[in-house]
Amino acid sequence: MDRLINLALKAYAVCAFVFIFLPVLTLIVFSFHLDRYPSLIWKGPGLVWYKEVLNDPAIVEAFKNSLVVALSVGILSTFFGGTAAYFVNRWDFRGKHIYLALTLMPPTTPLIVLGLSLLVFLSLIHLSGTLFSIVFGHVVFCSPFAMALIRLRLTELDRTLEEAAWNLGHGEWRTIARVVLPQLVSAIGAALLITMALSFDEFIVAWFVSALDVTLPVKIYAMMGGNVSTKLNAVGSMVFAISILLVILAQILWMIQPGQRSAFDNGRRLG
Amino acid sequence: MAQAAVILNNVVKRFGSVEAVSGVSLEVNQGEFVAFIGPSGCGKTTTLRLVAGLEQPSSGTISINGRCMTNAKPWERDTPMVWQNFALFPFLNVRRNVEFGLRERKIDKKKRQEKVSRALEIVGVPELGERQISELSGGQKQRVGIARALVTDPKVLLLDEPLGSLDANLRVRMQSELRALQRKLGITFIYVTHNQSEAFAMADRIVVMHQGRIHQIGSPHEVYRQPSDKFVAEFVGVNNIFSGQVSEFDKKGPVVSTGNGPFLISIPNEEKVTIGDHVTFLISADRVTTSYEGELEENQVTGAVKGQEFVGTIVTLLLELKDGTTFRIQKQERQMLQIPTKLGDNLTVSWNPNDAYVLPTS
């Protein structure tokens, strides 16, 4: 009976994944299809649509914008999230639980609500409609993720290492720089890549607060308004590939423990 | 007269409502090896951390090398610590770990490298310089930890159960190495351990702590044979403790009446007891004789054999006395073989009153 349930659960999981990824898989398969319209007989493979995408200046422009935004968001979110994580991990202060609840709000707020409220806010201070607005909105949304990752790694750290550093003559700030940060490098790297992936992929907030300078997801949406071009399959596949790549790299980086040389080194040696 | 290396004056440390250290006063002399022992939670590690500055005292003063350091931050003191879990920095190699304590001092690179090499040589691992910490064995890690602590040429070294993570053989070897090192360098060692034999093997003086207070400070021999109170008598060594009132004066000396019979005690001439005084004395398990070994001494007690403990070549025999208390005798295995006892047999043991020790009345 247990085995049956086990099997059923596994089958369910597979079905769920298929349900989620089948559209994406279709996208990828038909991005290599040579005909303009998807049909049951697949002709290909060919890179003709990818070539058209790379030759479309509007798409390339949007792609560059996405990269700039993603990089800026990655750096800023990791910085804000990381310093917040350190404070929360090391100090107790009054209202700490309220603070923590607030930091949980962006990921739990529906993006439409976030996007709309950001549009209102940024318009009020005359900062909406630029790439900066998108960066602003994404940093709000992504910082809690960076904070969670770095906070997790902080709880895994050996506190006696910091005491040992103090004991050997290093003050608090020196210790943070020389003992804590080196141990956080892989977590910071993972946080950077995850927040970049989140930003690169993000549509709604970007759509709300942007105007003429848009990111790739917004451009794709605009393209869908007109005729459904087969270029969309190629663009979509590229966006998917980049996001997945960033997430996989983040996962590999995260697995590197402080002191390990690589993610696949389990530290076992003969002494 | 050399100044004391570390002076603790009535130091108290409270964590919330719990007093972990309750009025500890101690003077550690320059070049001395002092070991703190006591059961878990007695405050020995907290006391060490107070000296290191990793905790701030709730009251009392601490001075190190003649300077008042009560509220000094840990990085302002020169009291490097050797840690039980080594606390080596995994992201630095061995040389850079050892060099760490020198980095905040204004010493040029060449000099730093020389000091690092010297420290690694002193602890016997000069070849490990370029290794990563993850590549070292437990014993090697501990040596690197010691080198890291020694590199700044400190006057005081703090050691928090440094051998606790090592296997038994290595522990014993490192004990004699540490002792030799301390003697050679003349550094003051303050050592915390829960392993009594380790403390007795290495220290000049032992500090026995319990529930935040110091119960006794003395040489290993003093603490072992002349415990200052009942706690130390029970905690250190293998002792049998009797309590009772002085009931009469025999021609040989005072007699104490206890739950297991009257016993003769021997007291130094300077102290006087009178009838009715409450007296507690102990007789160490290794100073007890049995009828199988010759004539019995004045003080005798009979008990039923209820068990045996075998630790290497020493055997401890446990007897149950008539009032239910356990009496222990310790013999070399060879001697024990001449005592034909089985579980449940009655055995009469005895001791000379001069071999017993009367605890000082508080």
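What counts as what
- Residues numbered from 1 in each chain as written.
- Chains lettered and ligands numbered in written order.
- Predicted model: local features only at pLDDT ≥ 70, side-chain atom pairs only at ≥ 80, totals over all residues.
- Heavy atoms only, no water.
- Helix = DSSP H or I, 4+ residues; strand = E, 2+ residues; numbered from the N terminus.
- Buried < 20%, exposed > 50% of the residue type's maximum accessible area, 1.4 Å probe, protein only.
- Contact = heavy atoms within 4.5 Å.
- Areas by Shrake-Rupley, 256 points an atom, 1.4 Å probe, with all protein chains shown as cover.
- Lys, Arg positive; Asp, Glu negative; His and termini not counted.
- Charge placed at Lys NZ, Arg CZ, Asp CG, Glu CD.
- Pairing = 2+ DSSP bridges.
- Axes fitted to C-alpha atoms, helices over the stretch in contact; angles between N-to-C directions.
- Buried area = accessible area lost by both parts, 1.4 Å probe.
- Salt bridge = Lys/Arg side-chain N within 4 Å of Asp/Glu carboxyl O.
- Polar contact = N/O pair within 3.5 Å; in protein donor to acceptor, adjacent residues only side chain to side chain.
- Parallel < 35°, antiparallel > 145°, perpendicular 65-115°, else oblique.
- Left-handed = near helix turned anticlockwise from the far one by under 90°.
- Nonpolar A, V, L, I, M, F, W, Y, C, P; charged D, E, K, R; others polar.
- Phe/Tyr/Trp six-rings, centres within 6.5 Å; stacked < 30°, edge-to-face > 60°.
- Lys NZ or Arg CZ within 6 Å of the ring centre and 35° of its normal.
- pLDDT = per-residue confidence, 0-100.
- Expected span 1.5 Å × (residues − 1).
- Arc of directions from axis to C-beta.

(A) Here's a closer look at the overall build of chain B. Check the secondary structure of chain B and you find nine helices and 20 strands. Projected onto its principal axes, the C-alpha coordinates of chain B cover approximately 75 × 45 × 40 Å. Residues counted as buried form 50% of the 362 residues belonging to chain B. Restricting the contact set of chain B to residue pairs at least 6 apart, pairs at least 24 apart contribute 65%. Taken as a whole, chain B presents about 16800 Å² of accessible surface, with 46% of it coming from carbon and sulfur. In chain B, the 42 positive side-chain charges and the 40 negative ones have mean positions that sit 9 Å from each other.

(B) Region of interest: the sheet that holds strand E9 (residues 205-210) of chain B. Residue and element names in this part refer to chain B. Overall, mixed pairing links the six strands, which are arranged E6-E7-E8-E3-E9-E10 in an open sheet. Sheet topology places strand E6 (81-82) and strand E10 (213-218) at the edges, where each strand pairs with a single neighbour. When strand E3 (residues 33-37) meets E9, the two strands line up parallel, connected through four bridges. Within E9, the residue paired with Phe-36 across the bridge is Val-207. Most of the contacts of helix H1 (residues 44-52) go to strand E7 (residues 156-160), to which it runs at about 150 degrees, and overall it touches E3, E6, E7, strand E8 (188-192) and E9.

(C) Spatial organisation of the interface of chain B and chain A. Taken together, the 26 residues of chain B in the interface contact 25 residues of chain A. Taking both partners together, chain B and chain A bury about 2300 Å²; carbon and sulfur atoms supply 60% of that area. Taken as a group, Trp-75, Phe-91 and Glu-104 of chain B account for 29% of the area that chain B buries against chain A, more than any other trio of residues on that side. Among the salt bridges present, the one from Arg-174 of chain A reaches Glu-104 of chain B, with a minimum N-O distance of 2.8 Å. At the boundary of chain B with chain A, the tally comes to nine residue pairs in polar contact (both at pLDDT 80 or more). Secondary-structure elements contributing two or more residues to the side of chain B that touches chain A are H1 and helix H4 (138-150) of chain B.

(D) Region of the structure containing the pattern of salt bridges. Residues and elements named next belong to chain B. Inspection of every chain in the model, using the stated rule, returns 25 salt bridges over all chains. Across the salt bridge formed by Arg-49 and Glu-55, the nearest N and O atoms sit 3.0 Å from each other. A relative accessible area of 16% means that Glu-55 is categorised as buried.

(E) Examining the packing of helix H4 (residues 96-108) of chain A against helix H6 (residues 131-156) of chain A more closely. Residues and elements named next belong to chain A. Running from N to C, H4 and H6 point in directions that differ by 125 degrees, and their axes come no closer than 7 Å. Put simply, H4 runs oblique to H6. Taken as a pair, H4 and H6 cross one another with a handedness that is left-handed. In this structure, H4 contributes Tyr-99, Leu-100, Thr-103, Pro-106 and Pro-107 to the contact, and H6 contributes Val-140, Phe-141, Pro-144, Phe-145, Met-147 and Arg-151. Partitioning the contact of H4 with H6 into residue classes produces nine nonpolar, one polar and one charged.

(F) Summary view of the packing of aromatic side chains. The full count for this structure, using the stated rule, is 30 aromatic pairs over all chains. Considering the side-chain rings of Phe-21 of chain A and Phe-240 of chain A, the 6.2 Å spacing of their centres and the 65 degrees angle between planes classify their relative orientation as edge-to-face. Remark: Phe-240 of chain A occurs in helix H11 (residues 231-254) and Phe-21 of chain A occurs in helix H1 (residues 2-31); sequence separation between them is 219 residues. Owing to a relative accessible area of 25%, Phe-240 of chain A belongs among the partly exposed residues under this scheme. Ring centres 5.7 Å apart and planes at 85 degrees place the aromatic pair Phe-200 of chain B and Tyr-224 of chain B in the edge-to-face group. Taken together, the residues span a long stretch of sequence, with Phe-200 of chain B in helix H6 (residues 196-202) and Tyr-224 of chain B in helix H7 (residues 220-225) at a distance of 24 residues. Taken together through their ring pairs, the aromatic side chains of Phe-242, Phe-263, Phe-281, Phe-327 and Trp-351 of chain B make up a single cluster. A cation over an aromatic ring shows up here: Arg-153 of chain A above the ring of Trp-254 of chain A, its NZ or CZ 4.2 Å from the ring centre.

(G) Inspection of the confidence of the model for chain A at higher detail. Here chain A averages 87 in pLDDT, while 94% of its residues score no lower than 70. Here residues 266-271 of chain A is modelled with pLDDT under 50, and outside its nearest four sequence neighbours on either side it reaches nine contacts, counting other chains as well.

(H) Focus on the pairing of E9 of chain B. Residue and element names in this part refer to chain B. Bridge count between E9 and E10: five bridges; the pairing is antiparallel. Counterpart to Val-207 in the pairing with E10 is Ile-217. Adjacent in sequence and paired antiparallel, E9 and E10 are bridged by two residues, among which Gln-211 carries a positive phi angle near 50 degrees.

(I) Main features of the confidence of the model for chain B. Taken residue by residue, chain B gives an average pLDDT of 90. The fraction at 70 or more is 99%. Prediction confidence for the complex, expressed as pTM and ipTM, is 0.82 and 0.85 respectively.

(J) How the structure looks around the sheet that holds strand E17 (residues 314-320) of chain B. With respect to topology, five strands assemble into an open sheet ordered E15-E19-E16-E17-E18 (chain B), the strand pairing being antiparallel. Unpaired on one side and paired on the other, strand E15 (289-290) and strand E18 (326-332) of chain B mark the two borders of the sheet.

(K) Inspection of helix H5 (residues 111-124) of chain A at higher detail. All names here are of chain A. Helix length check: H5 (14 residues) gives 20 Å between terminal C-alpha atoms against 20 Å at 1.5 Å per residue, within 8%. Among all positions of H5, only Leu-114, Gly-115, Leu-118 and Leu-122 are buried. Angularly, the buried residues of H5 cover 95 degrees about the axis, an arc narrow enough to put them on a single face. The positive-phi residue at the C-terminal boundary of H5 is His-126, with phi of around 55 degrees.

(L) Unusual backbone geometry, seen in detail. All names here are of chain B. Positive phi values are uncommon outside glycine, yet Asn-10 reaches one of about 50 degrees. Summarising the element assignment, Asn-10 is placed in strand E1 (residues 4-15). For Asn-10, a relative accessible area of 45% translates into the label partly exposed. You will see that Glu-161, though not glycine, has its phi angle at about 45 degrees, which is positive. Tracing the backbone through its elements, the reader meets Glu-161 in the loop between E7 and helix H5 (168-185). With a relative accessible area of 10%, Glu-161 lands in the buried category.

(M) Highlighting the packing of H5 of chain A against H6 of chain A. Residue and element names in this part refer to chain A. At a closest axis distance of 11 Å, the pairing of H5 and H6 adopts a crossing angle of 135 degrees. Viewed along their axes, H5 and H6 adopt a mutual orientation that is oblique. Our pair here, H5 against H6, has a crossing hand that is right-handed. Residue-level inspection shows Leu-111, Leu-114, Leu-118, Phe-121 and Leu-122 of H5 in contact with H6, the latter providing Ser-133, Phe-136, Gly-137, Val-140 and Phe-141. Here the contact of H5 with H6 is built from residues that sort into eight nonpolar, two polar and no charged.

(N) Representation of the pairing of strand E19 (residues 346-351) of chain B. Alignment of E15 of chain B against E19 of chain B, held across two bridges, turns out to be antiparallel. Residue pairing across strands places Thr-290 of chain B opposite Val-349 of chain B, the latter belonging to E19 of chain B.

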